[in-house]
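Single-letter residue listing:
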Amino acid sequence: MPSPADLPLLCPVCSQPLERVGPGATGQTRLACGSGHSFDAARQGYYNLLVGKGTAFEADTAGMVDARFNFLGSGHYRPLADAVAAAVVPFLSSEPAVVLDSGTGTGHYLRVLLDHAAAEGRSVAAMGMDISKFALRRAARLNSEALNLVWDVWQPLPVASNSVDAITVIFAPRNAAEFARVLRPTGRLVVVTPRSGHLGSIARITGMLGIEEDKDSRLAAAMVPHFTVAETLDIEFPLSLTRKEAADLAFMGPAGHHVDLSAIASRLESQPGIIQSEARFRLNVFRPAGPPPA
């Protein structure tokens, strides 16, 4: 298993390298830099690197995280997780390779990626970042070998430049300039977004937010001038869900910030015991802009 020393972390206060220290008298480890700034591990195993005012963005609630953990743990999105892993693992050339899962959530997608890499004999040093402490409590248990960090992706990443082999962003914000800074010239950025018609039958009933018509064009524009598209893959598969699973699916996304789970469940009460729908995603693989290294 790769050591935390293999991860190119920087102190968010002074930008010096961060290293894991401990465990100390409390039994918990901490991340510390040469200037004396340190960050203790939470009891659940993650680290909070946010300093000062923290973040102004709304993190997922405990209820939303529970719904996501239950739904993803049932394997309904496993075809998507396998596709993400298949897009990433071929570019893990370093030993160990460094992977950043930005917006890691409960860590399910990173878990599948790490399992795929291990099956191919690839050594991976992984970081998972999210602004939700509730999500990272789950992620730290699921991916105990990864370094799980509370961080706001819109702030400069606490990661050294040109040090990451692959970045995954699955239904999460994208800071193209920072991703380009930390990614190696040979690295890849994998971004997953929902496509038009995603969960259409469930969305109409539960009040899930719709997919913006210009979502793809806005994504492409946001990546310029830092990235160019290397590959695009459309992924779709049927879903057969119980009413409870459909409620969790609706509540675990952005709708969870606006609608109560009980309200979503009540809207599904008149539906059949098994609800049919379809998941539709677009997976974009980006490479850093400019000529490839010689």
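No experiment lies behind these values; they were computed from the predicted model shown.

A. Spotlight on the pairing of strand β7 (residues 147-150). Burial of β7 is two-sided: the residues Leu147 and Leu149 facing one way and the residues Asn148 and Val150 facing the other way are all buried. Bridge count for strand β6 (residues 124-130) against β7 is 4 bridges, and the pairing is parallel. Paired with Asp130 across the two strands is Val150, which belongs to β7. Taking the sense of rotation as the criterion, the β-α-β connection linking β6, helix α4 (residues 133-142) and β7 turns out right-handed.

B. Representation of the packing of aromatic side chains in the model. In total, this model carries 7 aromatic pairs according to the counting rule given. Centre to centre, the rings of Phe227 and Phe286 are 6.3 Å apart; their planes meet at 65°, and the pair counts as edge-to-face. In this pair, Phe227 is assigned in strand β10 (residues 227-242) and Phe286 in strand β11 (residues 274-288), connecting sequence segments 59 residues apart. Taking relative accessible area as the criterion, Phe227 reaches 3% and is therefore assigned buried.

C. Broad picture of the environment of Gln271. Following the sequence through the fold, Gln271 ends up in the loop between α9 (261-268) and β11. Gln271 sits 30 residues away from Leu241 along the chain, and the two C-alpha atoms are 11 Å apart. Those residues in contact with Gln271, other than ones at most four positions away along the chain, are Ile205 and Arg243.

D. Main features of the pattern of salt bridges. A complete count under the given rule lists 12 salt bridges for this structure. Three or more residues are tied together by salt bridges with common partners; here these are Arg195, Asp234, Glu236, Arg280 and Arg282.

E. Structural context of the environment of Ile205. Its place among the elements puts Ile205 in helix α6 (residues 200-206). Sequence separation between Ile205 and Arg267 is 62 residues, and the spatial gap between their C-alpha atoms is 6.4 Å. Ignoring sequence-local partners within four residues, the contact set of Ile205 consists of Arg267, Leu268 and Gln271.

F. A look at the confidence of the model for the protein chain. With 90% of its residues at a pLDDT of at least 70, the protein chain reaches an overall mean of 88. The element-level mean pLDDT for the protein chain is lowest in helix α7 (residues 215-223), coming to 75, with helix α2 (residues 78-88) highest at 98.

G. Spatial organisation of the sheet that holds strand β3 (residues 38-40). Read from one edge to the other, the open sheet built from 3 strands follows the order β1-β2-β3, with strand pairing classed as antiparallel. Since the sheet does not close on itself, it has two edges, and those belong to β1 (19-21) and β3, each with one partner. Between one strand axis and the next, the sheet turns through 30° on average, direction left out of account. Relative to β3, strand β2 (residues 30-32) runs antiparallel, the two being bridged by 3 bridges. Residue pairing across strands places Leu31 opposite Phe39, the latter belonging to β3.

Rules used throughout
- Residues numbered from 1 in each chain as written.
- Predicted model: local features only at pLDDT ≥ 70, side-chain atom pairs only at ≥ 80, totals over all residues.
- Heavy atoms only, no water.
- Buried < 20%, exposed > 50% of the residue type's maximum accessible area, 1.4 Å probe, protein only.
- Helix = DSSP H or I, 4+ residues; strand = E, 2+ residues; numbered from the N terminus.
- Pairing = 2+ DSSP bridges.
- Right-handed = clockwise from strand over helix to strand, strands pointing away.
- Phe/Tyr/Trp six-rings, centres within 6.5 Å; stacked < 30°, edge-to-face > 60°.
- Contact = heavy atoms within 4.5 Å.
- Salt bridge = Lys/Arg side-chain N within 4 Å of Asp/Glu carboxyl O.
- pLDDT = per-residue confidence, 0-100.
- Axes fitted to C-alpha atoms, helices over the stretch in contact; angles between N-to-C directions.

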